[in-house]
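# Observations on chain architecture
Letter by letter, the chains look like this.
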Amino acid sequence: MSALPVIVEGLSHSVLDSGQEKRTLAPLSRSFLPGKLHVVSGPSGSGKTTLLSLLALSVRPSRGLIHWGKLNLTQLSHPDAATWRKANLGLIFQTSRLVSVMTAVENACFGGRIRGLRIEDEAHRLLAGFGLAGRMDQLPSQLSGGEKQRVAIVQALACRPPLLLADEPTASLDSANAAFVAETLKAYARSNSACVICVSHDATVIDAADDLLTLARP
Ligand SMILES: Nc1ncnc2c1ncn2[C@@H]1O[C@H](COP(=O)(O)OP(=O)(O)O)[C@@H](O)[C@H]1O
Ligand SMILES: [Mg+2]
């Protein structure tokens, strides 16, 4: 795994809303470093999800640059962006997105399978660590919201992406599980020299941050 910083320079985004230009992210310049848990906070509508979409290269910025080490990500073609994502990016969403006909362990291994990685042992270890040892063979419909979210987090971590983006990953978890997720993300960053960027207003996650970025409404 290559430990590279994500550097954004003058990054901003606007959309056309009923013919009017509406800013969705105010200009941002910042470095996100390997080995660190970066937490992004700020009020609803301040552009937190927009920032993650830009960093995931799923939305193109209106202005500014995103560098991954020396590579200018904003210049990549769509196919090159897809290749970069597959090699480097892990995503955790606010609510889990699991395949309904696959068990917890199959879902946990799914990201690895589509990347051709052997991650079964890692997925089992992480699921057990998340208190899901007895739930591995359950379908998503048999799991609680919090259990599904923990499976989705395992799915992202098991591939060991060097860049992990998480959008309010503890929103459906109780405080004990939220604390465990915060510590797990931090330990993941440390032990893999990965860059972890986590949107959250959860005090437990903010307390665990190595670096806190608070966005204001644009
Ligand atoms: N495609 C879009 N069209 C119109 N407005 C959008 C679009 N995407 C985001 N926005 C607006 O941009 C602002 C920032 O959104 P978002 O990044 O989701 O904020 P946050 O995640 O901090 O709540 C909000 O005012 C939102 O309504
Ligand atoms: Mg959001």
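Attention here is on the structure that accompanies the text.

Cut-offs and rules
- Residues numbered from 1 in each chain as written.
- Chains lettered and ligands numbered in written order.
- Predicted model: local features only at pLDDT ≥ 70, side-chain atom pairs only at ≥ 80, totals over all residues.
- Helix = DSSP H or I, 4+ residues; strand = E, 2+ residues; numbered from the N terminus.
- Rg over C-alpha atoms; globule rule 2.2 N^0.38 Å.
- Buried ≥ 20, exposed ≤ 12 C-beta atoms within 10 Å, placed from the backbone.
- Expected span 1.5 Å × (residues − 1).
- Contact = placed C-beta atoms within 7 Å.
- Near = placed C-beta within 6 Å.
- Nonpolar A, V, L, I, M, F, W, Y, C, P; charged D, E, K, R; others polar.
- Pairing = 2+ DSSP bridges.
- Axes fitted to C-alpha atoms, helices over the stretch in contact; angles between N-to-C directions.
- Left-handed = near helix turned anticlockwise from the far one by under 90°.
- Core = buried A, V, L, I, M, F, W, Y, C linked by C-beta atoms within 7 Å.

Scanning the chain for helices and strands turns up seven helices and nine strands. Its C-alpha atoms give the chain a radius of gyration of 17 Å, within 12% of the compact-globule value 17 Å for 218 residues. Dimensions along the principal axes, computed over C-alpha positions, put the chain at roughly 50 × 35 × 35 Å. Taken over 218 residues, the chain has a buried fraction of 40%.

In this fold, Pro 162 is placed in the loop between α5 (145–158) and β7 (163–167). Residue classification places Pro 162 among the buried positions, given that 20 C-beta atoms sit within 10 Å. Taking the C-alpha atoms as reference, Pro 162 lies 6.7 Å from Leu 89; in sequence the two are 73 residues apart.

Structural remark: α-helix, 3.6 residues per turn; residues separated by three or four positions point the same way. Across its 14 residues, α5 extends 20 Å between first and last C-alpha, which sits within 8% of the 20 Å expected from 1.5 Å per residue. The buried count for α5 comes to 12 of 14 residues, which makes it a mostly enclosed element. Looking only at α5, the buried set comprises Glu 147, Lys 148, Gln 149, Arg 150, Val 151, Ala 152, Ile 153, Val 154, Gln 155, Ala 156, Leu 157 and Ala 158. Where the residues of α5 are buried, they touch β6 (89–92), α3 (104–115), α4 (120–129), β7 and α6 (175–192). Just past α5, the residue Arg 160 takes up positive phi, approximately 50 degrees.

What follows is about the site of ligand 1. Taken together, Val 15, Asp 17, Lys 22, Thr 24, Gly 42, Ser 44, Gly 45, Ser 46, Gly 47, Lys 48, Thr 49 and Thr 50 make up the full set of residues near ligand 1. Listing elements by their share of the shell around ligand 1, those giving two or more residues are β1 (6–17), β2 (20–32) and α1 (48–55). For the shell around ligand 1, the residue count by class is one nonpolar, eight polar and three charged.

You can see Leu 4 is positioned in the segment before β1. For Leu 4, a count of 20 C-beta atoms within 10 Å translates into the label buried. Each C-alpha atom of the pair Leu 4 and Asp 17 lies 36 Å from the other, and the pair is 13 residues apart in sequence. Apart from the residues within four sequence positions on either side, Leu 4 is in contact with Pro 34, Trp 68, Gly 69 and Pro 162.

Across the sheet, which stays open at both edges, the four strands sit in the order β2-β1-β4-β5 with antiparallel pairing between neighbours. At either end of the open sheet lies a strand with only one pairing partner, and these are β2 and β5 (71–72). Bridge analysis of β1 against strand β4 (residues 63–68) gives five bridges, and the strand direction is antiparallel. In the strand pairing of β4, Ile 7 is matched with His 67.

Attention now goes to the packing of α4 against α5. A pair of packed helices can be characterised by two numbers: the angle between their axes and the separation between those axes. Running from N to C, α4 and α5 cross one another at 140 degrees; their axes reach a closest spacing of 9 Å. For the element pair α4 and α5, the recorded crossing hand is right-handed. Taken together, the residues of α5 that come into contact with α4 (itself represented by Glu 122, Ala 123, Leu 126 and Leu 127) are Val 154, Leu 157 and Ala 158. When its residues are assigned to classes, the contact of α4 with α5 shows six nonpolar, no polar and one charged.

Once that is clear, we can look at the environment of Asn 192. Note on placement: Asn 192 falls in helix α6. When the 18 C-beta atoms within 10 Å are taken as the criterion, Asn 192 is described as partly exposed.

Ordered in space as β6-β7-β8-β3-β9, the five strands form an open sheet in which the pairing is parallel. Either end of the sheet is taken by a strand with one partner, and the two such strands are β6 and β9 (211–214). Going across the sheet, the axis of each strand differs from the next one's by a mean of 15 degrees, ignoring polarity. Sheet analysis places β6 next to β7, joined by four bridges and oriented parallel. For Ile 92, the partnering residue across the bridge sits in β7 and is Ala 166.

Turning our attention to the nonpolar core. One finds Val 154, Ala 158, Leu 165, Leu 185, Val 196 and Cys 198 to be the most contacted residues of the largest nonpolar core, which totals 59 residues. Sort the elements by how many residues they give to this core and α5 lands first, with seven residues.

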